[in-house]
Amino acid sequence: VSQSRYSAFWRDTETNVRCRGRFDYLHNAGIIVDLKKVESCSKDFFRRQIANLDYDLQAAFYLDAFAAINGYESIGFVWICYETEAPFNVRTFIASHEHIKNGRRKYRNALHTYAECLSSGQWPAYPQELEMISPMPWESES
């Protein structure tokens, strides 16, 4: 059954971390669809968005969530991009195997870090000691 705004809850078997996600749209053929509001639907612009905003991490995470919940793999992950200004173009991209592989590596590392923090009670943070701070180089007089 096709559903929009589908919430998913599962436990990662490798780390035992409770996970959750919210698909923008789940097509009955097993395709996960994610809507992205962008300045431009050009391929180069969206490729940079994927890298800068970790859209690949989200895609891999949701594909693995689908498999964990349903017991079978999704057919794929699709981004539908829509521009924020006229003429409000729309473009669709399929997540590549390379994006899924990179995203999976990123989210697996993050889940392991999170599991370690939960277990140890130690959370990464900024240094606690007093530090000297100076103006940015461009703020100083020559």
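Structural notes, computed from the coordinates. Residue numbering note: each chain is counted from 1, following its sequence as written. Whole-chain, interface and lining totals are the exception, using all residues; otherwise, since this is a predicted model, local features are given only for residues with pLDDT of at least 70 and side-chain atom pairs are given and counted only at 80 or more. Values reported for side chains reflect all heavy atoms of the structure, with hydrogen atoms and water molecules removed beforehand.

**Comments concerning helix H1 (residues 43-53)**
Consideration 1: The classification of residues rests on relative accessible area computed with a 1.4 Å probe and restricted to protein chains. Under 20% of the type maximum is buried, over 50% is exposed, and intermediate values are partly exposed. What counts as a helix is a DSSP run of H or I of at least four residues, what counts as a strand is a run of E of at least two, and both are numbered from the N terminus. Taken together, the buried positions of H1 are occupied by Phe 45, Phe 46, Gln 49 and Ile 50. The buried residues of H1 occupy an angular sector of 145° when projected down its axis, which confines them to one face.
Consideration 2: Only heavy atoms matter for contacts: two residues are in contact if any of them lie within 4.5 Å across the pair. Buried residues along H1 sit in contact with strand E3 (31-38), helix H2 (55-70), strand E4 (76-83), strand E5 (90-94) and helix H3 (97-120).
Consideration 3: Directly after H1, the chain includes Asp 54, whose backbone phi takes a positive value near 55°. In this context, the arc is that of the directions from the helix axis out to the C-beta atoms.

**Some remarks on a nonpolar patch on the surface**
Consideration 1: For patch detection, residues must exceed 30% relative accessible area and be free of salt bridges, and they are connected within 9 Å for like charges or within 5 Å for nonpolar side chains (Val, Leu, Ile, Met, Phe, Trp, Tyr). In this description, accessible areas are obtained by the Shrake-Rupley approach with a 1.4 Å probe, and a residue is regarded as covered only by the protein chains that are shown. Here a salt bridge means any side-chain nitrogen of Lys or Arg lying within 4 Å of a carboxyl oxygen belonging to Asp or Glu. A surface patch of nonpolar side chains, about 280 Å² in accessible area, is lined by Leu 35, Tyr 82 and Val 90.
Consideration 2: Relative to the helices and strands, Leu 35 resides in strand E3.

**Let's talk about the packing of aromatic side chains**
Consideration 1: Stacked, tilted and edge-to-face pairs are distinguished by plane angle, under 30 degrees for stacked and over 60 for edge-to-face with tilted covering the rest, among Phe, Tyr and Trp rings (Trp via its six-membered ring) whose centres lie within 6.5 Å. Throughout the structure, instances matching the rule amount to 11 aromatic pairs.
Consideration 2: A centroid spacing of 5.7 Å and a plane angle of 5° characterise the contact between Tyr 6 and Phe 23, whose relative ring orientation is stacked. Taken together, the residues Tyr 6 in strand E1 (residues 3-11) and Phe 23 in strand E2 (residues 18-26) connect sequence positions 17 residues apart.
Consideration 3: Within the aromatic cluster, the residues linked to one another by ring pairs are Tyr 6, Trp 10, Phe 23, Phe 61, Tyr 62 and Tyr 107.
Consideration 4: A ring is scored as having a charge over it whenever the NZ atom of a lysine or the CZ atom of an arginine sits within 6 Å of its centre and within 35 degrees of its normal. We note Lys 36 situated over the ring of Tyr 55; from NZ or CZ to the ring centre the distance is 4.1 Å.

**Topic: the pairing of E5**
Consideration 1: When DSSP locates at least two bridges between a pair of strands, those strands are taken to pair. Of the pairings in the sheet, the one linking E4 to E5 comprises 5 bridges and is antiparallel in character. Across the sheet, Cys 81 pairs through a bridge with Arg 91, a residue of E5.
Consideration 2: In textbook terms, the turn of a hairpin is the stretch between consecutive antiparallel strands, and for E4 and E5 this stretch comprises 6 residues, one of which, Phe 88, has a positive phi near 55°.

**Some remarks on the pairing of E3**
Consideration 1: Pairing geometry for E2 and E3, over 2 bridges, is antiparallel. Within E3, the residue paired with Tyr 25 across the bridge is Val 33.
Consideration 2: Here E2 folds back onto E3 in antiparallel fashion, the turn holding 4 residues, of which Gly 30 has a positive phi close to 90°.
Consideration 3: Sheet analysis places E3 next to E4, joined by 8 bridges and oriented parallel. Paired with Val 33 across the two strands is Val 78, which belongs to E4.

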